[in-house]
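# Coordinate inspection notes
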Amino acid sequence: MSHWIGTANRNYASYAMEELRKRFQGMNISQLAPGETFKMEIPLDRQEVLTEIHRSEPVFLRYLQPVDGSRTISGDADDLDWLSDAVRLSRSKLEGQRTGIHVRRAEGSPFAYSAADTKAVLDAVLAESGAEPEVRSPDMLVAVYAGREQLYIGIGSVADMLSDWPGGAVRFQREEGQISRAKFKLLEAEREFGLNYADFSEALDIGAAPGGWTSLLLERGLRVTAVDPAELHPSLLQYRTLTVLKKNASEVKFVPETFDLLVCDMSWSPMQMCRLVLDLTPSLKAGAAAIVTVKLMHRKPLQTIRDVIAKLEESFTVNRAKQLFHNREEITLYLTKK
Ligand SMILES: C[S@@+](CC[C@H](N)C(=O)[O-])C[C@H]1O[C@@H](n2cnc3c(N)ncnc32)[C@H](O)[C@@H]1O
């Protein structure tokens, strides 16, 4: 038996739970923060659970912290002492490891300390335990969750917790003159899927306006063909590596095998998006990558995702399907052309 806390995007916890229930027969789930965070008791040991999660990562599970210990929150310094002792007792796991501390509090939690204060105290305990407190690229994480009644602590690797951001809430700095918030989605996809833009040179962006994704691809040194009936931001027109086609994606045709990267963020009906992407596949080189957002317009997102994947598998291998933190009513697919 092992215990866990899972987190999904707001309002998507029920789908994350549905995915997990299908994989882990006989598990118990209860909500901690409605719609977002939930507690699980799974009748398998920790390693068995992780092996299953890594075999094929669930779409809606953003963050998965193991629960090594829990206690009823007292609302005073005893809570902090208990957390500090738990870190000290894990010395053997953390010694010499770059270790991050993630602290999250549920709304209305009686836990008396802010995330920053808790982290400062635990960082000091880490240092005295021979671990290296690390924020930027930790290998190990100490994850604390202060709920409405219980305080939880779990220690594990970043890879096993699925994100190096507390709760999987990825935060990027907004840039001066940033064209659209949509750019964050592609930045997050780049990190999450381990894309290396040096592998690509010629990108096709359909549904490109106002141009957040196009701007990132241009900044990464790719040549970009941007297709959208709407206007692109004028600041992009300075790029000589940009070709703009002010058209509907269904009207454009290209020389076969022109592009090695397709990106598509059209906010459109999923099946129409599939049709457009499939019609454009002859213009992609074999092995080309594609990053595609899928709008979850219907009440049954898991069914929509299954249908879209089945359709796209006519021409693509689906490497990953993930609801990124920056995806609202949608998920992101990472595909490779067969
Ligand atoms: C969410 S926005 C894209 C945002 C963009 N990724 C960015 O980073 O700024 C969706 C865009 O898809 C475009 N679009 C919708 N249907 C399209 C189609 N059939 N062909 C081309 N563009 C389309 C819309 O005009 C709109 O500009």
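Owing to the predicted nature of the structure, the values given are computational and were not obtained by experimental measurement.

## Some details on the site of the ligand
As a matter of local geometry, the ligand sits amid 20 residues, with Gly212, Trp213, Asp228, Ala249 and Asp265 nearest to it. A distance of 2.8 Å separates a nitrogen atom of the ligand from a polar atom in the backbone of Ala249. Within the complex, the protein chains bury 84% of what would otherwise be the 610 Å² of accessible surface of the ligand. Residues belonging to the shell around the ligand are distributed by class as follows: 11 nonpolar, six polar and three charged.

## Digging into the layout of surface pockets
When its volume is computed, the largest pocket comes out at roughly 720 Å³. Forming the walls of the largest pocket are 30 residues, and the residues nearest its centre are Arg10, Glu36, Arg62, Arg171 and Phe325. Classifying every residue of the lining of the largest pocket by side-chain character gives 12 nonpolar, seven polar and 11 charged. When residues of the lining of the largest pocket are sorted by domain, at least three fall in each of domain 1 (2–168) and domain 2 (183–337).

## Comments concerning the domain arrangement of the chain
Split by domain assignment, the chain resolves into domain 1 (2–168) and domain 2 (183–337). A separation of 33 Å is found between the C-alpha centroids of domain 1 and domain 2. Facing 16 residues of domain 1, the contacting portion of domain 2 comprises 19 residues. Between domain 1 and domain 2 lies a buried interface of about 1,300 Å² when both sides are counted; carbon and sulfur atoms form 47% of it. Where domain 1 packs against domain 2, one counts three salt bridges. Measuring nitrogen to oxygen at the nearest pair gives 3.3 Å for the salt bridge that ties Arg320 to Glu57.

Conventions and cut-offs
- Residues numbered from 1 in each chain as written.
- Predicted model: local features only at pLDDT ≥ 70, side-chain atom pairs only at ≥ 80, totals over all residues.
- Heavy atoms only, no water.
- Near = heavy atom within 4 Å.
- Polar contact = N/O pair within 3.5 Å; in protein donor to acceptor, adjacent residues only side chain to side chain.
- Areas by Shrake-Rupley, 256 points an atom, 1.4 Å probe, with all protein chains shown as cover.
- Nonpolar A, V, L, I, M, F, W, Y, C, P; charged D, E, K, R; others polar.
- 1 Å grid on protein atoms, 1.4 Å probe; cavity = no way out; pocket = protein on both sides within 12 Å on 5 of 7 lines; lining within 4 Å.
- Points joined across faces, edges and corners; volume = space filled by probe spheres on them.
- Domains from an automatic or database assignment.
- Contact = heavy atoms within 4.5 Å.
- Buried area = accessible area lost by both parts, 1.4 Å probe.
- Salt bridge = Lys/Arg side-chain N within 4 Å of Asp/Glu carboxyl O.

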